[in-house]
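Architecture at a glance
What follows is each chain in one-letter form.
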Amino acid sequence: MTSLLTASFGCSSDVYHKISHDLKTTGYSINPLGIPNELAIALCEQLQNITDNQFNAAGIGRDDDFGKNDNIRNDEIYWISGNSQTGIQWLDWCNELKEHLNKHLLLGLFSFESHFAHYPPNAFYKRHVDAFQGEKNRILSIVLYLNCNWKKHDGGELVLYENKEDMNGVMVTPELGTLVVFLSEEFPHEVLPARTDRYSIAGWYRVNCSNENRVDPPN
């Protein structure tokens, strides 16, 4: 059956298959023009409608461990919900990817969360992993870049390290539509400073960690 998203933006199955193959063989997947161009442009247009005071300074950790540290990261974020048509289309696309990966890789992905990220000039995010310490919650990370006419000298690359000992890493230029997916617990990464404003979406797929003391996903 053809989904409404596929009917609107064209087939993404080739990208889904490439991502699942890459995750199985290397644990990460880098895809220039990884989502339909119309959806990437729609997300850029939604960004233009978000006012500066709607972005919040990003922090590290979660719940009682949450805090802000400008020495580690100094970007700002805006969480994506289903309150707009473009937000719904993005979440639908990510849900279809989740279903594909659960079917082909048996990852047991359960929920998804994502936000727009704005890195002002010279902003950065030091080397880190996305999974919270002591808690197996984020299984798969996804990053989508939303920067038109990005030049090499603009900087702002994502550096994806293959392990804790890796000091070189794989460099990803944050060009419009480039999609990166990787195992959250396995790949340290960082965002290098850029010369100009840098925009992206960061998202995470989680497994169900519900137990007698907690219902997942948390509120």
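Above this note sits the structure.
Calculation rules
- Residues numbered from 1 in each chain as written.
- Predicted model: local features only at pLDDT ≥ 70, side-chain atom pairs only at ≥ 80, totals over all residues.
- Heavy atoms only, no water.
- Helix = DSSP H or I, 4+ residues; strand = E, 2+ residues; numbered from the N terminus.
- Buried < 20%, exposed > 50% of the residue type's maximum accessible area, 1.4 Å probe, protein only.
- Contact = heavy atoms within 4.5 Å.
- Areas by Shrake-Rupley, 256 points an atom, 1.4 Å probe, with all protein chains shown as cover.
- Pairing = 2+ DSSP bridges.
- Axes fitted to C-alpha atoms, helices over the stretch in contact; angles between N-to-C directions.
- Core = buried A, V, L, I, M, F, W, Y, C linked by side-chain atoms within 4.5 Å.

Attention now goes to the overall build of the chain. When its secondary structure is counted, the chain shows four helices and eleven strands. The buried share of the chain, taken over its 219 residues, is 48%. Within the chain, counting contacts between residues at least 6 apart in sequence, those at least 24 apart form 78% of the total. As presented, the chain carries roughly 11,700 Å² of accessible surface, and 49% of it is formed by carbon and sulfur atoms.

On the basis of which strands lie adjacent, the open sheet formed by seven strands has the order 1-9-6-11-4-3-2 and antiparallel pairing. The open sheet terminates on both sides in strands that have one partner only, identified here as strand 1 (28-31) and strand 2 (56-57). With nine bridges joining them, strand 4 (residues 111-119) and strand 11 (residues 198-206) adopt antiparallel strand pairing. Residue pairing for strand 11: Ser114 is matched across the bridge by Gly203. Helix 2 (residues 13-25) rests against strand 1, strand 6 (138-145) and strand 9 (179-183) of the sheet, and its axis sits at about 145 degrees to strand 1. Against the sheet, helix 3 (residues 37-48) engages strand 4, strand 6 and strand 11, with an angle of about 60 degrees to strand 4.

Grouped together as the largest cluster of nonpolar side chains are 30 residues, with contacts concentrated most on Ile35, Leu43, Trp90, Trp93, Phe116 and Ile142. Mapped by element, the contributors of at least two residues to this core are helix 2, helix 3, helix 4 (85-105), strand 6, strand 9 and strand 11. By size, the runner-up hydrophobic cluster in this structure holds nine residues, among which are Tyr28, Val143, Leu158 and Phe182.

Let us now look at the environment of Asn53. Looking at the secondary structure, you find Asn53 in the loop between helix 3 and strand 2. Relative accessible area serves as the criterion here: at 67%, Asn53 is assigned to the exposed category.

With that settled, consider the sheet that holds strand 7 (residues 158-160). Pairing in this open sheet of four strands is antiparallel, and the strands run 5-10-7-8 from one edge to the other. Sheet topology places strand 5 (125-128) and strand 8 (170-172) at the edges, where each strand pairs with a single neighbour. In this sheet, neighbouring strand axes are inclined to one another by 15 degrees on average, regardless of whether the strands run parallel or antiparallel.

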